[in-house]
Amino acid sequence: MRGAALKGARSIAITGLAAATLTAGKFVLSAVPNVEIVTLLSAVYGFVLGLPGIFAVYVFVTCETLIYGFGTWVISYYIHWPSVAFAFFFLSKFIRPSRLIPTVVAVVMTIWFGVLTSLTDVGLFSGFWDDFGARFAIYYARGAVFYVIQTVCNAIVFPLLFKPLCELSGKALKIRVGKSEDPPHMR
């Protein structure tokens, strides 16, 4: 029983540390518009930690709401960031850390983030369907520069940092990373 309790305590501590680095990383880069580290860290934590990494992302989003208050962005955050972690958790079952595939997934998910936030802000869930397409197009075009910056940022950062961060995290936590017999969260 002691081993299970120790493993649970370790998992909770790692989840808290991951959530704290997500929160701190976002805060540090908040002065630079749409240059962000959250996508990279969510991907690394999903890939390396598995379910604890996904839980860490939920803790991060909850902390963000406590810091910045509530708005339509909360819906987008609770959908998008855990989806990034889950996508990379799923990806970890099929590949080892690499540069190409994770970068493609990150870029696609970053593009989706722009679409999702625009859909949410325009009122997809509000029931107002009059001129929805026109309102969405205007809103999305207004933020296009920021979406492009965020996408380019991830297209540059992922091939440079994803694999080394996964390997470093795996070594620090004594976890084998990527495709193997057991999923990452079970090792």
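Counting from 1, residues in each chain are numbered in the order their sequence is written. Per-residue local features of the predicted model are confined to residues with pLDDT of at least 70, and side-chain atom pairs are confined, for both listing and counting, to 80 or more; whole-chain, interface and lining totals are unaffected and use all residues. Only hydrogens and water are removed before side-chain values are computed, so all heavy atoms of the structure are retained for them.

### Comments concerning the packing of aromatic side chains
Put simply, the test is: Ring pairs shown here join Phe, Tyr and Trp side chains whose ring centres sit within 6.5 Å, with only the six-membered ring taken for Trp; geometry is labelled stacked below 30 degrees between planes, edge-to-face above 60, and tilted in between.
Throughout the structure, instances matching the rule amount to 13 aromatic pairs. Through pairs of rings, three or more aromatic residues link up here, namely Phe-47, Phe-88, Phe-158 and Phe-162.

### Concerning a nonpolar patch on the surface
Here is the rule: Candidate patch residues must exceed 30% relative accessible area and have no salt bridge, after which like charges are joined if within 9 Å and Val, Leu, Ile, Met, Phe, Trp or Tyr side chains if within 5 Å. Surface accessibility in these figures is a Shrake-Rupley result with a 1.4 Å probe; residues are shielded only by whichever protein chains are displayed. Counted as salt bridges are all cases of a side-chain nitrogen of Lys or Arg within 4 Å of a carboxyl oxygen of Asp or Glu. Helical segments are the DSSP runs of H or I of at least four residues, strand segments are the runs of E of at least two, and each set is numbered from the N terminus. For every residue, the accessible area obtained with a 1.4 Å probe (protein chains only) is divided by the maximum for its type, and the residue is called buried under 20%, exposed over 50%, and partly exposed between those limits.
A surface patch of nonpolar side chains, amounting to about 440 Å² of accessible area, comprises Val-148, Val-152, Ile-156, Leu-160 and Leu-161. With respect to the element layout, Val-152 can be found in helix H6 (residues 132–173). With relative accessibility at 42%, the residue Val-152 sits in the partly exposed group.

### Quick look at the nonpolar core
Soluble globular proteins: nonpolar side chains tend toward being buried together. Stated precisely, the cut-off is as follows: Nonpolar cores were defined as sets of buried Ala, Val, Leu, Ile, Met, Phe, Trp, Tyr and Cys residues, with membership established by side-chain atoms within 4.5 Å.
Core analysis: the biggest nonpolar cluster contains 35 residues, and Trp-81, Phe-88 and Phe-162 have the highest contact counts within it. At the level of secondary structure, the elements contributing two or more residues to this core comprise helix H1 (2–28), helix H2 (38–49), helix H3 (51–68), helix H4 (72–91), helix H5 (100–122) and H6.

### Let's talk about the layout of surface pockets
The following threshold applies: Throughout, the protein atoms alone are placed on a 1 Å grid, and a set of points is a cavity if a 1.4 Å probe fits but cannot get out or a pocket if it is open with protein on both sides within 12 Å along at least five of seven lines; lining residues have an atom within 4 Å of a point. Grid points are joined across faces, edges and corners, and a volume is the space filled by probe spheres set on the points.
Estimates place the volume of the largest pocket at around 580 Å³. For the largest pocket, the lining is made up of 26 residues, of which Lys-26, Asn-34, Tyr-77, Phe-113 and Gln-150 are closest to its centre. Broken down by secondary-structure element, the contributors of at least two residues to the lining of the largest pocket are H1, H3, H4, H5 and H6. For the lining of the largest pocket, the element with the highest residue contribution is H6, accounting for 6 residues.

### Quick word on H2
Along an α-helix, residues three or four apart share an orientation, since each turn contains 3.6 residues. This is how it is decided: By definition here, a helix of n residues has an expected span of 1.5 Å times n minus one.
Here H2 contains 12 residues, and its C-alpha end-to-end distance of 15 Å stays within 8% of the 16 Å for a straight helix at 1.5 Å per residue. Within H2, 12 of the 12 residues are buried, which leaves it mostly tucked inside the rest of the structure. All of the buried residues in H2 are Val-38, Thr-39, Leu-40, Leu-41, Ser-42, Ala-43, Val-44, Tyr-45, Gly-46, Phe-47, Val-48 and Leu-49.

### Looking at H5
With 23 residues, H5 should cover 33 Å at 1.5 Å per step; its first-to-last C-alpha distance of 33 Å lies within 8% of that length. Positive backbone phi, at 110 degrees, marks Gly-123, one or two positions downstream of H5.

### Describing the confidence of the model for the protein chain
Caution applies to low-pLDDT parts of the model: their predicted coordinates are not meant to be read in detail. Operational definition: Summary of the metric used: pLDDT quantifies the predictor's per-residue confidence within the range 0 to 100. For this analysis, residues touch if any pair of their heavy atoms sits within 4.5 Å.
This prediction gives the protein chain a mean pLDDT of 87; 90% of its residues lie at or above 70. For the protein chain, the element scoring lowest by mean pLDDT is H1, at 87; H2 scores highest, at 96. Counted against residues more than four places away or in other chains, residues 181–187, with its pLDDT under 50, gives 19 contacts.

### Here's the deal with the packing of H1 against H2
For any two helices packed against each other, the geometry is given by the interaxial angle and the distance between the axes. Filter applied, for reference: Between N-to-C directions, angles span 0 to 180 degrees; the directions come from axes that are lines fitted to C-alpha atoms, helices contributing only their stretch in contact. An angle below 35 degrees is treated as roughly parallel, one above 145 as roughly antiparallel, one from 65 to 115 as roughly perpendicular, and anything else as oblique. Crossings are assigned a handedness: left-handed for a near helix turned anticlockwise from the far helix by less than a right angle, right-handed for a clockwise turn.
For the pair H1 and H2, the least separation of the axes is 9 Å and the interaxial angle reads 165 degrees. If you check the angle between H1 and H2, you find them roughly antiparallel. Crossing angle aside, the handedness with which H1 passes H2 is right-handed. Every residue of H2 that contacts H1 at Ile-14, Ala-18, Thr-21, Leu-22 and Lys-26 is listed here: Val-38, Leu-41, Ser-42, Tyr-45 and Leu-49.

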